[in-house]
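Working through the structure, step by step
Here are the chains, one letter per residue:
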Amino acid sequence: MVKISTTNSKLGVIPSVNLPPIVTCRRNCPCARDCYATKGRYRFQNVQDSLHHNLREYFANPDQYFEDVKFAINNGMVSYLYFRWHAAGDFVDGRYFKGVIKVAEELPATSFLAFTKKFEIVNGFIHNGGVIPENLHIVFSAWGDDFKIKNPYHFPVAYVRFKDKENKTIPTTAAECSGDCTHCLQCWNIKNGQSVVFNKH
Ligand code: SF4
């Protein structure tokens, strides 16, 4: 059974499913050396076990993985309005992304959010005629000025403001992250062409 997290301090009451960072992230990810998902509570053995458990569950039976996620979101006793894919980790592969799409299509009353640096998976899906459901909000995740994002379909972008160096690519119109998703929800409502900026942890 896939493990769903309801204990993320930033997400508040919004549940998420999480995967191990680095191994699910893009190759040579610029943030790998300073990944927040390898620090703090993510270093606890039970949290690590849960992340790796979820990845094993996906590889063992991809269809069941997404059935488990769906059941956690809406099972007749609870029905969540908001859900976050991957406070830690990223889309594993193209098949995984199609599973994310299917979950959104089958749970239209829930609003989904996923940040990703696996731009090629999302762009490739659209290039091949795929359609992102309206209740699935994909946000491309930027890093420093040197990290180029391939964004031909104008997905919203999340920028990072570093403490020790200027990031000139951050648009002046980018919305500030308040750090409290439950009372903010702006990423679940963000539109193509818009952006948000996070202060580096
Ligand atoms: S901008 Fe708001 S919704 Fe987006 S991550 Fe920050 S607190 Fe959460």
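Heads up: these notes are all about the structure in this document. Since this is a predicted model, take the numbers as computed values, not measurements. (Residues numbered from 1 in each chain as written. Predicted model: local features only at pLDDT ≥ 70, side-chain atom pairs only at ≥ 80, totals over all residues. Heavy atoms only, no water.)

**So, the nonpolar core**
Selection rule: Throughout this description, the term nonpolar core refers to a set of buried Ala, Val, Leu, Ile, Met, Phe, Trp, Tyr and Cys residues connected via side-chain atoms within 4.5 Å. Accessibility here uses a 1.4 Å probe with only protein chains present; expressed as a share of the type maximum, an area under 20% marks a residue as buried, one over 50% as exposed, and anything in between as partly exposed. Starting at the N terminus, helices and strands are each numbered in turn, a helix being any DSSP run of H or I of at least four residues and a strand any DSSP run of E of at least two.
Of all hydrophobic cores here, the largest spans 45 residues; its most connected members are Tyr65, Trp85, Tyr96, Ile132 and Ile138. Listing elements by their share of this core, those giving two or more residues are α1 (45-60), α2 (62-73), β3 (82-85), α3 (94-106), β4 (111-116), α4 (119-127), β5 (136-141) and β6 (157-161). In terms of residue count, the dominant contributor to this core is α3 (6 residues). Counting 18 residues, the second-largest nonpolar core is a separate cluster that includes Ala87, Ala88, Leu113 and Val139.

**So, α2**
Applied cut-off: Take the residue count of a helix, subtract one, and multiply by 1.5 Å to get its expected span. Contact definition: two residues touch when any of their heavy atoms are within 4.5 Å.
With 12 residues, α2 should cover 16 Å at 1.5 Å per step; its first-to-last C-alpha distance of 17 Å lies within 8% of that length. Among all positions of α2, only Pro62, Tyr65, Phe66, Asp68, Val69, Lys70 and Ile73 are buried. Elements in contact with the buried residues of α2: β1 (4-5), β2 (16-17), α1, β3, α3 and β4.

**Looking at the sheet that holds strand β7 (residues 175-176)**
The criterion, for reference: Pairing between two strands requires that DSSP report at least two bridges joining them. Note on definitions: angles span 0 to 180 degrees between N-to-C directions of axes, and those axes are lines fitted to C-alpha atoms, for helices only across the stretch in contact.
Here 8 strands make up an open sheet; going across it, the order is β1-β2-β3-β4-β5-β6-β8-β7 and the pairing mixed. The two strands at the open ends of the sheet, each matched to only one other strand, are β1 and β7. Against the sheet, α2 contacts β1, β2, β3 and β4, and its axis sits at roughly 150° relative to β3. Along the sheet, α3 contacts β3, β4 and β5; its crossing angle with β5, the most-contacted strand, is approximately 145°.

**Looking at the pattern of salt bridges**
Heads up, the rule is: Each salt bridge in this description consists of a side-chain nitrogen of Lys or Arg and a carboxyl oxygen of Asp or Glu lying within 4 Å of one another.
Here the structure, examined in full by the defined rule, presents 7 salt bridges. Residue lysine 102 is joined to glutamate 106 by a salt bridge in which the shortest nitrogen-to-oxygen separation is 3.2 Å. In this pair, lysine 102 and glutamate 106 both sit in helix α3, 4 residues apart, roughly one turn of the helix. Each member of the salt-bridge network shares a partner with another, and the members are Glu67, Lys70, Lys102 and Glu106.

**Section: unusual backbone geometry**
At histidine 154, a position not held by glycine, the phi torsion is positive, near 60°. In this structure, histidine 154 sits in the loop between β5 and β6. In this structure histidine 154 comes out as exposed when scored by relative accessible area, which is 51%. Its identity is not glycine, yet leucine 185 carries a phi of approximately 60°, on the positive side. Mapping leucine 185 onto the fold places it in the loop between α5 (181-184) and β8 (195-199). For leucine 185, a relative accessible area of 15% corresponds to the buried category.

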